[in-house]
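Read off the chains here:
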There are 2 protein chains.
Amino acid sequence: MKQRRRTLKNRGYAASCRIKRIEQKDELESEKTQEYRDMEAMQEDNNRMREEIESWHSKYQALKKFAQDKKIIIPPDLETM
Amino acid sequence: MKQRRRTLKNRGYAASCRIKRIEQKDELESEKTQEYRDMEAMQEDNNRMREEIESWHSKYQALKKFAQDKKIIIPPDLETM
DNA sequence: GTGATTAGTGAGCAT
DNA sequence: ATGCTCACTAATCAC
């Protein structure tokens, strides 16, 4: 009688244990997926900033070229800054 | 005799199954850790580029201010580009 | 038939 | 005593 109860409880414990294992695996996978999404977003930011760098760089170079064409002397600290 | 062999083999299969489960979990965790490392590296790139943007932006502004101080007229397409 | 996986069982650990 | 986890077993699935 007593052993029987124990056996039935064990059955339940085993089931809990298996469910728990699956949940933990799912959780891991979710976290991994989320990290991947974050990484994609960051990559986009990254590309956006790369473009912005090139944009400002071009603007700077264009101004400098304009000065050179006009024979305007630019102070060295602005030239090479 | 035959059932005995089957049972022994099953014992082995069950062991393989358990090992496989553990390996897959480890693999998942490794991937997650690696993604985290990649993310940190990307974050650094990100910060570096943010600085570079600010750097070129400053250089551009400095040139523009120099021009204004010198009363140099800058073509609109360079001014607002 | 062989290998893999699942649920159930008892053993053993931890509380 | 209770809950959890492990290894083992039989049942079952997939090939």
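Residues numbered from 1 in each chain as written. Chains lettered and ligands numbered in written order. Predicted model: local features only at pLDDT ≥ 70, side-chain atom pairs only at ≥ 80, totals over all residues. Heavy atoms only, no water.

**What to know about the UniProt feature "domain: Basic leucine zipper" (unreviewed entry) in chain A**
Alright, step 1. Sequence positions flagged by UniProt for "domain: Basic leucine zipper" (unreviewed entry) are, in local numbering, residues 1-63 of chain A.
Alright, step 2. Across residues 1-63 of chain A, helical content stands at 98% and strand content at 0%; the span's end C-alpha atoms are separated by 93 Å. (UniProt positions renumbered as here; feature names shortened; annotations may be inferred. Helix = DSSP H or I, 4+ residues; strand = E, 2+ residues; numbered from the N terminus.)

**Details of the interface of chain B and chain A**
Alright, step 1. The interface of chain B with chain A comprises 34 residues on the first partner and 34 residues on the second.
Alright, step 2. Summing the contributions of chain B and of chain A, the shared interface buries around 3,500 Å²; its carbon and sulfur component is 78%.
Alright, step 3. Counting across the interface, chain B meets chain A through two salt bridges.
Alright, step 4. The residue Lys32(B) makes a salt bridge to Glu31(A) at a minimum N-O spacing of 3.0 Å.
Alright, step 5. Sort the elements by how many residues they give to the side of chain B that touches chain A and helix 1 (residues 2-69) of chain B lands first, with 28 residues. (Contact = heavy atoms within 4.5 Å. Buried area = accessible area lost by both parts, 1.4 Å probe. Salt bridge = Lys/Arg side-chain N within 4 Å of Asp/Glu carboxyl O.)

**As for the protein's contact with DNA strand D**
Alright, step 1. In the vicinity of DNA strand D, 14 residues are found, and the nearest of them are Arg6(A), Tyr13(A), Lys20(A), Thr7(B) and Arg11(B).
Alright, step 2. Atoms of DNA strand D within 4 Å of the protein belong to the sugar or the phosphate in 65% of instances, the rest to bases.
Alright, step 3. In the environment of DNA strand D, a phosphate oxygen lies 2.9 Å from a nitrogen or oxygen atom belonging to the side chain of Lys20(A).
Alright, step 4. The contact in question runs from a base oxygen of DNA strand D to an N or O atom on the side chain of Arg6(B), over 3.2 Å.
Alright, step 5. Among the secondary structure elements, those contributing two or more residues to the surface near DNA strand D are helix 1 (2-69) of chain A together with helix 1 of chain B. (Near = heavy atom within 4 Å. Polar contact = N/O pair within 3.5 Å; in protein donor to acceptor, adjacent residues only side chain to side chain.)

**Some points on the protein's contact with DNA strand C**
Alright, step 1. If you check the shell around DNA strand C, you find 14 residues, and the closest are Thr7(A), Arg11(A), Arg18(A), Tyr13(B) and Lys20(B).
Alright, step 2. In DNA strand C, atoms within 4 Å of the protein come from the sugar-phosphate backbone in 50% of cases.
Alright, step 3. In the model, a base oxygen of DNA strand C is placed 3.2 Å from a nitrogen or oxygen of the Arg6(A) side chain.
Alright, step 4. Here a base nitrogen of DNA strand C sits 2.7 Å away from a polar atom, N or O, in the side chain of Arg18(A).
Alright, step 5. The set of elements that each furnish at least two residues to the surface near DNA strand C consists of helix 1 of chain A together with helix 1 of chain B.
Alright, step 6. Considering only residue class, the surface near DNA strand C consists of four nonpolar, four polar and six charged. (Nonpolar A, V, L, I, M, F, W, Y, C, P; charged D, E, K, R; others polar.)

**Considering helix 1 of chain B**
Alright, step 1. Taking 1.5 Å of rise per residue, the 68 residues of helix 1 of chain B would be expected to cover 100 Å, and the 99 Å separating its terminal C-alpha atoms lies within 8% of that figure.
Alright, step 2. Remark: Lys71(B) follows helix 1 of chain B within two positions and exhibits a positive phi of approximately 60 degrees. (Expected span 1.5 Å × (residues − 1).)

**Structural notes on the UniProt feature "coiled-coil region" (unreviewed entry) in chain A**
Alright, step 1. The residues that UniProt annotates with the feature "coiled-coil region" (unreviewed entry) are residues 25-59 of chain A.
Alright, step 2. Between the C-alpha atoms that bound residues 25-59 of chain A there is a distance of 51 Å. The span itself is 100% helix and 0% strand.

**Here we look at the nonpolar core**
Alright, step 1. Leu63(A) and Leu63(B) are the most contacted members of the largest nonpolar core, which has 18 residues in total.
Alright, step 2. Elements that contribute at least two residues to this core include exactly helix 1 of chain A together with helix 1 of chain B. (Core = buried A, V, L, I, M, F, W, Y, C linked by side-chain atoms within 4.5 Å. Buried < 20%, exposed > 50% of the residue type's maximum accessible area, 1.4 Å probe, protein only.)

**Things to note about the relation of the copies chain B and chain A**
Alright, step 1. Once chain B has been moved 0.1 Å along the axis and rotated by 179 degrees, it coincides with chain A to within an RMSD of 0.5 Å. Such a combination of rotation and displacement between the chain copies is what one expects of a two-fold axis.
Alright, step 2. The fraction of interface residues of chain B whose copies in chain A are also interface residues reaches 100%, indicating that both copies meet through the same surface. (Least-squares fit on C-alpha atoms with pLDDT ≥ 70 in both.)

**Topic: the pattern of salt bridges**
One side chain can pair with another of opposite charge once the charged atoms of both are near each other.
Alright, step 1. Enumeration over the complete set of coordinates arrives at eight salt bridges over all chains.
Alright, step 2. Residue Asp69(B) is joined to Lys65(B) by a salt bridge in which the shortest nitrogen-to-oxygen separation is 3.1 Å. Of this pair, Asp69(B) and Lys65(B) are both found in helix 1, four residues apart, which corresponds to roughly one turn of the helix.
Alright, step 3. The structure contains a network of salt bridges with shared partners spanning Asp45(A), Arg48(A) and Glu52(A).

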